[in-house]
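Secondary and tertiary structure notes
If you want the building blocks of each chain, they are given just below.
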Amino acid sequence: MKAGVLALQGAFREHREVLHALGFDAIEVRTAKQLLSLDALLLPGGESTTMTHLLRTSGMHAHLTDALRDGLPTLGTCAGLILMAKEVLDGREDQIPLGVADVTVRRNAYGRQRDSFEANLSVKGLLGGTFPGVFIRAPVIERVGPMVEVLAEHDGLPVLARQGSLWFSTFHPEISGDLRIHEAFLKEAEV
Ligand code: GLN
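Procedures and definitions
Residues numbered from 1 in each chain as written. Predicted model: local features only at pLDDT ≥ 70, side-chain atom pairs only at ≥ 80, totals over all residues. Heavy atoms only, no water. Helix = DSSP H or I, 4+ residues; strand = E, 2+ residues; numbered from the N terminus. Buried < 20%, exposed > 50% of the residue type's maximum accessible area, 1.4 Å probe, protein only. Contact = heavy atoms within 4.5 Å. Areas by Shrake-Rupley, 256 points an atom, 1.4 Å probe, with all protein chains shown as cover. Lys, Arg positive; Asp, Glu negative; His and termini not counted. Charge placed at Lys NZ, Arg CZ, Asp CG, Glu CD. Near = heavy atom within 4 Å. Polar contact = N/O pair within 3.5 Å; in protein donor to acceptor, adjacent residues only side chain to side chain. Nonpolar A, V, L, I, M, F, W, Y, C, P; charged D, E, K, R; others polar. Pairing = 2+ DSSP bridges. Axes fitted to C-alpha atoms, helices over the stretch in contact; angles between N-to-C directions. Phe/Tyr/Trp six-rings, centres within 6.5 Å; stacked < 30°, edge-to-face > 60°.

1. Remarks on the overall build of the chain
The secondary structure content of the chain amounts to six helices and twelve strands. Structurally, the chain occupies a C-alpha span of about 40 × 40 × 30 Å along its principal axes. Taking all 191 residues of the chain together, 53% fall into the buried category. For the chain, restricting intrachain contacts to residue pairs at least 6 apart in sequence, the fraction spanning at least 24 positions comes to 63%. Accessible area of the chain: about 8,600 Å², with a carbon and sulfur share of 48%. Of the charged side chains in the chain, 19 are positive and 24 negative, and the gap between their average positions amounts to 3 Å.

Spelled out as structure tokens, the structure:
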């Protein structure tokens, strides 16, 4: 199994460390060619406007869209989710997402006083207690399409969901010290 982490900007090292801790090697993906050899991909948190810009200037935008459409198992966290979304609210005008996950997300939607917070989440399919959700200038998922399965909610809003092989969260499982979401995602990607 060959996993990759999009490494244009943001918290890609943290995802690599989680993958290593789970016994997987992971390459840092910076070119369209590297996408071709992958069995699973992680899109990190960071700054979605910068990442979108770098995807376009590096010529990767269309290749990445195709790879996700063709079923490359992908987990996007926070800004990574914003990249995957069909519709982004409060984005920059030139911020064109990949448009593969049938959700509408609003950037930085928790407002200033709750820019960052932690919450214990009940995650569907994860046995044994709650998952520590770390939210950092997180987006809110305001709409989910019919093919999207919500796996966890916070305050009545979806915070972890999947659409087939695409998984996405508004929080950061890669910095919580809990490996179970990555583990569940990779287990399915391996099949
Ligand atoms: N607010 C950031 C954005 O819009 C996302 C924050 C994050 O990834 N932690 O891209």
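We are not done yet, so read on.
2. Looking at the site of the ligand
For the ligand, the full set of nearby residues is Gly45, Gly46, Glu47, Ser48, Cys78, Ala79, Ile82, Arg107, Asn108, Ile136, Arg137 and His172. Contact between the ligand and Asn108: a nitrogen atom at 2.6 Å from a side-chain N or O atom of the residue. His172 places a polar side-chain atom, nitrogen or oxygen, 2.8 Å from a nitrogen atom of the ligand. In terms of residue class, the shell around the ligand is made up of four nonpolar, five polar and three charged.

3. A short note on the environment of Phe131
Relative to the helices and strands, Phe131 resides in strand β8 (residues 131–136). When neighbours within four sequence positions are excluded, Phe131 is seen to be in contact with Ala119, Asn120, Leu121, Val123, Leu126, Phe171, Pro173, Ser176, Asp178, Arg180 and Ile181.

4. Some thoughts on the sheet that holds strand β12 (residues 166–169)
Whether parallel or antiparallel, the strands of a sheet pair through hydrogen bonds between backbone atoms. Here seven strands make up an open sheet; going across it, the order is β2-β1-β3-β4-β12-β11-β10 and the pairing mixed. Each edge of the open sheet carries a strand with a single partner, namely β2 (26–29) and β10 (149–154). Between one strand axis and the next, the sheet turns through 20° on average, direction left out of account. In the sheet, strand β3 (residues 40–43) pairs with strand β4 (residues 74–77) via three bridges, with the strands oriented parallel. Within β4, the residue paired with Leu42 across the bridge is Leu75. In the packing of helix α4 (residues 61–69) onto the sheet, the strands contacted are β1 (3–6), β3, β4 and β12, and the crossing angle to β3 comes to about 125°.

5. Focus on unusual backbone geometry
Phi is positive for Asp90, close to 60°, though the residue is something other than glycine. Inspection of the secondary structure assignment puts Asp90 in the loop between β5 (85–89) and β6 (101–106). If you check the backbone angles, Arg137 has positive phi at about 40° while not being a glycine. If you trace the backbone, Arg137 turns up in the loop between β8 and β9 (140–144). With a relative accessible area of 38%, Arg137 lands in the partly exposed category.

6. Structural notes on the environment of Glu93
Within the secondary structure, Glu93 sits in the loop between β5 and β6. Exposure remark for Glu93: the relative accessible area of 84% places this residue in the exposed category. Residues Glu93 and Thr49, 44 residues apart in the sequence, show an inter-C-alpha distance of 9.6 Å.

7. Description of the packing of aromatic side chains
One pass over the structure, following the stated rule, counts six aromatic pairs. Ring geometry for Phe131 and Phe171: centres 6.0 Å apart, planes at 50°, overall tilted. Highlighted residues: Phe131 in strand β8 and Phe171 in the loop between β12 and α6 (180–190), separated in sequence by 40 residues. Where Phe135 meets Phe171, the ring centres are 5.5 Å apart and the plane angle is 50°; that geometry is what we call tilted. Of this pair, Phe135 sits in strand β8 while Phe171 sits in the loop between β12 and α6, and the two are 36 residues apart along the sequence. By the burial criterion, Phe135 is buried, and Phe171 matches it.

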